[in-house]
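An overview of the molecular structure
So the chains spell out like this:
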Amino acid sequence: MPEASPGTDSTTTDPTSTDPTSVAIQSILFHTSVPAVERTLATLDHSARIGKAEGSCTRVEVLLGDASRAPLLDSGALAGLRDRLTSLDRLEYVYFDDNVGTAKGHNALARLSDSELLVTSNPDIVPDARALWRMAAAFADPSVGMVEAKQLPFEHPKEYDEHTGHTSWAATAFAMTRRSVFEAVGGFDEQTFFMYCDDVDYSWLVREAGLHVVFLPSAVVFHDKELSVDGRWQPTGAERFFSAQAALLLAHKWSREDLVAEILDHFEVSEVEDERRAAEEFRRRRAEGLLVPQRDPAGSVGTFVAGAYAEHRFAL
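Residues numbered from 1 in each chain as written. Predicted model: local features only at pLDDT ≥ 70, side-chain atom pairs only at ≥ 80, totals over all residues. Heavy atoms only, no water.

**Some words on the pairing of strand 4 (residues 117–121)**
Burial of strand 4 is extensive: five of the five residues sit out of reach of the surface. Residues Leu117, Val119 and Ser121 of strand 4 are buried on one face, and the alternating residues Leu118 and Thr120, pointing to the opposite face, are buried as well. Two strands pair when backbone bridges link them, and strand 1 (residues 21–29) and strand 4 are joined in this way by four bridges, in the parallel orientation. Counterpart to Gln26 in the pairing with strand 4 is Thr120. Pairing analysis gives five bridges linking strand 4 to strand 7 (residues 174–178), with the strands arranged antiparallel. In the strand pairing of strand 7, Thr120 is matched with Ala175. (Buried < 20%, exposed > 50% of the residue type's maximum accessible area, 1.4 Å probe, protein only. Helix = DSSP H or I, 4+ residues; strand = E, 2+ residues; numbered from the N terminus. Pairing = 2+ DSSP bridges.)

Okay, here's the thing in structure tokens:
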């Protein structure tokens, strides 16, 4: 009987099909609501309890990196959390005392652990109790280098193969990767990306290394994201700036100078100040030689489609 592919639904994915393993879940905090952090931690503790009981894992640790202007957790609060969350083998809290961004923050947290599987999670994610173990089971296939969970209520529309789950990139709002792969590709490109597109870039590095990025619909997480009444993202000024900047930097790194020119032309006359600032910052970096070397000149890995980084299942 053929083995079920990682892209199938939960009825065909056995979370106990792989040997028990160790998992580190890491998250970057930035003025995050403390009750929201506690909610996520409680959910992860429950998941760890189930994973150990069902033989899916041997060790679960959570690492929090705080990039807020002042620490969100003091020693007393942290001690209380450790006392309550008894299924977590380790709860580590690091105050960066600087807004380091997601790429640099996740790289720093990854160096504090040696767990076999590394999970990046937004602090406003609440995973299903077995999401982690369904994701871990996908690594029974040695060709898989990264696995992404399905986010609700707003599922990303990027295309994926319904049989294998293979996709262009994985959103690190909740994604799992092998530590050996993370180290082999050099982690996230913190020189280039502050936030946004660091996950697209990392996914493409994984694919460039000959491994698959998998979207796993049976691993479900709730992303507590504030949307407009019509279900649209409501970005802050900083989010508009860094997402615009990231679009330019990603196009440059993955050898699409035609797109760089096109995006610059658009941003430089944009009515959105944050987009004009992004264009100015990109030109400064380029003039000062601060851009990383380009890669994938044949365009065999990087996927740019109508302003997105994958084909979409729905109309753009």
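**Some remarks on the sheet that holds strand 3 (residues 90–95)**
Spatially, eight strands are ordered 3-2-1-4-7-6-8-5 in an open sheet, and the strand pairing comes out mixed. Of all strands in the sheet, those with a lone pairing partner are strand 3 and strand 5 (125–127), marking the two edges. Across this sheet, the average inter-strand angle for adjacent strands is 30 degrees, counted without regard to direction. Summarising the sheet, strand 6 (residues 144–152) and strand 7 pair through three bridges and their orientation is antiparallel. Paired with Met146 across the bridge in strand 7 is Thr177. (Axes fitted to C-alpha atoms, helices over the stretch in contact; angles between N-to-C directions.)

**Focus: the pattern of salt bridges**
Within this structure, the stated rule accounts for 22 salt bridges. Residue Arg49 is joined to Asp45 by a salt bridge in which the shortest nitrogen-to-oxygen separation is 3.4 Å. A residue pair is termed a helical-turn pair when its members lie 3 or 4 positions apart in one helix, as Arg49 and Asp45 do in helix 1 (residues 34–53) at four residues. Relative accessible area serves as the criterion here: at 6%, Asp45 is assigned to the buried category. (Salt bridge = Lys/Arg side-chain N within 4 Å of Asp/Glu carboxyl O.)

**Description of the packing of aromatic side chains**
Inspection of the entire model under this criterion finds 10 aromatic pairs. Grouping aromatic residues by their ring pairs yields a cluster made of Trp204, Trp254, Phe304 and Tyr309. Sitting above the plane of the Trp169 ring, Lys158 keeps its charged end 4.5 Å from the centroid. For Arg295, the ring lying beneath its charged end belongs to Trp254, and the centroid distance is 5.8 Å. (Phe/Tyr/Trp six-rings, centres within 6.5 Å; stacked < 30°, edge-to-face > 60°. Lys NZ or Arg CZ within 6 Å of the ring centre and 35° of its normal.)

**Some thoughts on the nonpolar core**
The biggest cluster of nonpolar side chains holds 38 residues, and the ones touching the most others in it are Leu64 and Met176. A per-element tally of this core places helix 4 (residues 131–137) first, with five residues. Non-local contacts of Met176, meaning those with residues more than four positions away in its chain, are made with Val23, Leu117, Leu118, Val119, Leu132, Met135, Ala136, Phe139, Gly145, Met146 and Val147. Trp169, Cys197, Val200 and Phe242 belong to the second largest nonpolar core, which has 31 residues in total. (Core = buried A, V, L, I, M, F, W, Y, C linked by side-chain atoms within 4.5 Å. Contact = heavy atoms within 4.5 Å.)

**Considerations on the side chain of Thr167**
Following the sequence through the fold, Thr167 ends up in the loop between strand 6 and strand 7. Beyond its immediate sequence surroundings of up to four residues, Thr167 is in contact with Lys158, Glu159, Tyr160, Arg207, Val213, Val214 and Phe215.

**Quick notes on helix 3 (residues 101–110)**
By the criterion of burial, helix 3 is predominantly enclosed, with eight of the 10 residues buried. Regarding helix 3, the residues found buried are Gly101, Ala103, Gly105, His106, Asn107, Ala108, Leu109 and Ala110.

**Brief notes about the pairing of strand 3**
Note: strand 2 (residues 57–66) against strand 3, six bridges, orientation parallel. Along strand 3, the bridge assignment pairs Leu64 with Tyr93. Between the parallel pair strand 2 and strand 3, the chain is carried across by helix 2 (residues 75–84), and the sense of this crossover is right-handed. (Right-handed = clockwise from strand over helix to strand, strands pointing away.)

**Some thoughts on the packing of helix 8 (residues 257–268) against helix 9 (residues 273–287)**
At a closest axis distance of 8 Å, the pairing of helix 8 and helix 9 adopts a crossing angle of 135 degrees. In terms of axis orientation, helix 8 runs oblique to helix 9. Handedness of the crossing formed by helix 8 with helix 9: left-handed. In contact with Glu257, Val260, Leu264, His266, Phe267 and Glu268 of helix 8, helix 9 contributes Glu275, Arg276, Ala279, Phe282, Arg283 and Arg286. By residue class, the composition of the contact of helix 8 with helix 9 is five nonpolar, one polar and six charged. (Parallel < 35°, antiparallel > 145°, perpendicular 65-115°, else oblique. Left-handed = near helix turned anticlockwise from the far one by under 90°. Nonpolar A, V, L, I, M, F, W, Y, C, P; charged D, E, K, R; others polar.)

**So, the environment of Pro123**
Within the fold, Pro123 resides in the loop between strand 4 and strand 5. Judged by relative accessible area, which is 15%, Pro123 ranks as buried. Between the C-alpha atoms of Pro123 and Asp224, which are 101 residues apart in sequence, the distance is 9.2 Å. Non-local contacts of Pro123, meaning those with residues more than four positions away in its chain, are made with Ser27, Ile28, Leu29, Thr32, Ala36 and Thr40.

**Details of the side chain of Thr21**
Tracing the backbone through its elements, the reader meets Thr21 in strand 1. One polar contact links Thr21 to Glu116, side chain to side chain, over a distance of 3.0 Å. Filtering out sequence-adjacent residues up to four positions away, Thr21 remains in contact with Ser56, Cys57, Thr58, Arg59, Glu116 and Leu117. (Polar contact = N/O pair within 3.5 Å; in protein donor to acceptor, adjacent residues only side chain to side chain.)

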